[in-house]
Amino acid sequence: MTIRSVAVHLLDLELRVPFTTSFGTTTTLTRPFVDVQTADGLRGVGEVPTLGDPAYKPEVDTPSVLTSLKKFLLPSVARYQTATGPIDDIASLRASYAWVKGAVFAKSGIEAALWDVLAQRAGCPLWQLWGGTRRTFPVGVSIGGRTIEEVLALAEHAVGLGYGRLKVKIWPGFDVPVVAALRERYPDLLLQVDANSAYDLTSWPVLRELDAFNLLLIEQPLFDDDLVMHSQIARDLRTPICLDESIHSVRDARAAIQLWSDQNALDRLVINIKPPRVSGFDEAIAIAARCQEAGVRTWIGGMLDSAWGKAFNLNLNGLGAIALPGDHFSPTGAYFVEDVVASPPKSTGGGYTLGDGVSTGVPFDWSALERRGRQVIVHRCDAGIAGASVVPSR
Ligand code: OSB
Ligand code: MG
């Protein structure tokens, strides 16, 4: 198998309900979809779940991802095939751009597209390719409301749809009151909070008050790049700290495990595994395995992904190593006004069951890209000198 060409299409996805976090409110997302075509006629696609800017963390904004793909990653794929031979598995794909530091979101899009191709070739679901053993599991939702009233309304909707695990966004001043209001209404719900790095050395002690509410975890309270400080406050909190922004690799996960052990707090470390934040599913699977070995619980996070991205993540949730429910569904039933899958994955009673469908299990709607998308990159990868074939088509 040879990768013949890689195209990148941009698509605007309009949220049905705005999503607010400590770093701002999102209404529309412009997303790259990486389209890999092989010499033998297969075609796979991977979403890069970018945001509009780098407020969440570096290199997750659309311009940065397009630059990484166009200038470095796709030329590397082409060069590797010219110099070394066909890229016919994930290991050789990763080897082709291993020299590029970071660019985890951009890398994950190519990897997802190749996984789609490999699953089609094998004629099996992704969960099987990934060694999944669990067909049915509980799933959760993430709530990003601007006011307590908005949060309560979204929670009511989600609970009405059957979800038993809610995550809610917090920030200084919007923390204890919103958690208290939710707990009063839903004393038994699995509840967790996500601060998206909104607290610092002076503001974090308020989080001690959250210990009274029986939360599953507090996600990424401190700086996006600070493992050490997180491990230090873990010692002073009863509620586990969950890392999101800080983890990009198995190496980061190992470092966190070491730091939390040093604090005698390993029972209070949880890791949110977001495949795009760790450069793809291969690394995500390795992190899940390493954490399970260390007794550290993991779950699959989301990026307000399209139904295509969510379908990949649901397949990953089939791994026996994933301990907690993930952010797989919207509290209102659907994230976007129009999506890229005709019949998106559906949850029932707060759970999800993986089927036997090939690859993600849901067909990608190519006509959505043709009607609403625009191709911004196309790169020939199977011949000639790399770098000469970058042709922006529109
Ligand atoms: O921190 O988990 C996060 C969305 C965008 C950026 C960061 C995060 C999120 C979410 C949404 O919480 C989870 C979902 O996809 O429903
Ligand atoms: Mg998070």
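Everything in this summary refers to the structure shown in the same document. (Residues numbered from 1 in each chain as written. Chains lettered and ligands numbered in written order. Predicted model: local features only at pLDDT ≥ 70, side-chain atom pairs only at ≥ 80, totals over all residues. Heavy atoms only, no water.)

1. A few points about the sheet that holds strand β2 (residues 24-38)
Part 1: An order of β3-β2-β1-β14 is seen for the four strands of this open sheet, with the pairing classed as antiparallel. Two strands in the sheet have a free side with no partner beyond their single neighbour: β3 (43-47) and β14 (374-380). Each neighbouring strand pair of the sheet contributes to a mean axis angle of 25 degrees, computed without reference to strand direction.
Part 2: Bridge count for strand β1 (residues 3-21) against β14 is six bridges, and the pairing is antiparallel. Across the sheet, residue H9 finds its bridge partner in β14, namely Q375.
Part 3: Strands β1, β2 and β14 of the sheet are contacted by helix α1 (residues 62-83), whose axis makes an angle of about 25 degrees with β14.
Part 4: Against the sheet, helix α3 (residues 104-122) engages β1, β2 and β3, with an angle of about 145 degrees to β3. (Pairing = 2+ DSSP bridges. Helix = DSSP H or I, 4+ residues; strand = E, 2+ residues; numbered from the N terminus. Axes fitted to C-alpha atoms, helices over the stretch in contact; angles between N-to-C directions. Contact = heavy atoms within 4.5 Å.)

2. Considering the pattern of salt bridges
Part 1: Summed over all chains, the structure comprises 24 salt bridges.
Part 2: A single salt-bridge network, built from bridges that share partners, covers R165, K167, K169, D194, E219 and D327. (Salt bridge = Lys/Arg side-chain N within 4 Å of Asp/Glu carboxyl O.)

3. Some details on the coordination of the magnesium ion (ligand 2)
Part 1: With distances of 2.1 to 2.2 Å, the protein atoms coordinating the magnesium ion (ligand 2) are D194 (OD), E219 (OE) and D244 (OD).
Part 2: The sequence pattern formed by the donor residues of the magnesium ion (ligand 2) is D-x24-E-x24-D. Here the residue E219 occupies a position in strand β8 (residues 218-219), and D244 occupies one in the loop between β9 (241-243) and α8 (250-262), the gap between them amounting to 25 residues.
Part 3: Under the relative-accessibility criterion, E219 is labelled buried at 0%. (Donors = N, O, S within 2.8 Å, 3.2 Å for Na, K, Ca; no water. Buried < 20%, exposed > 50% of the residue type's maximum accessible area, 1.4 Å probe, protein only.)

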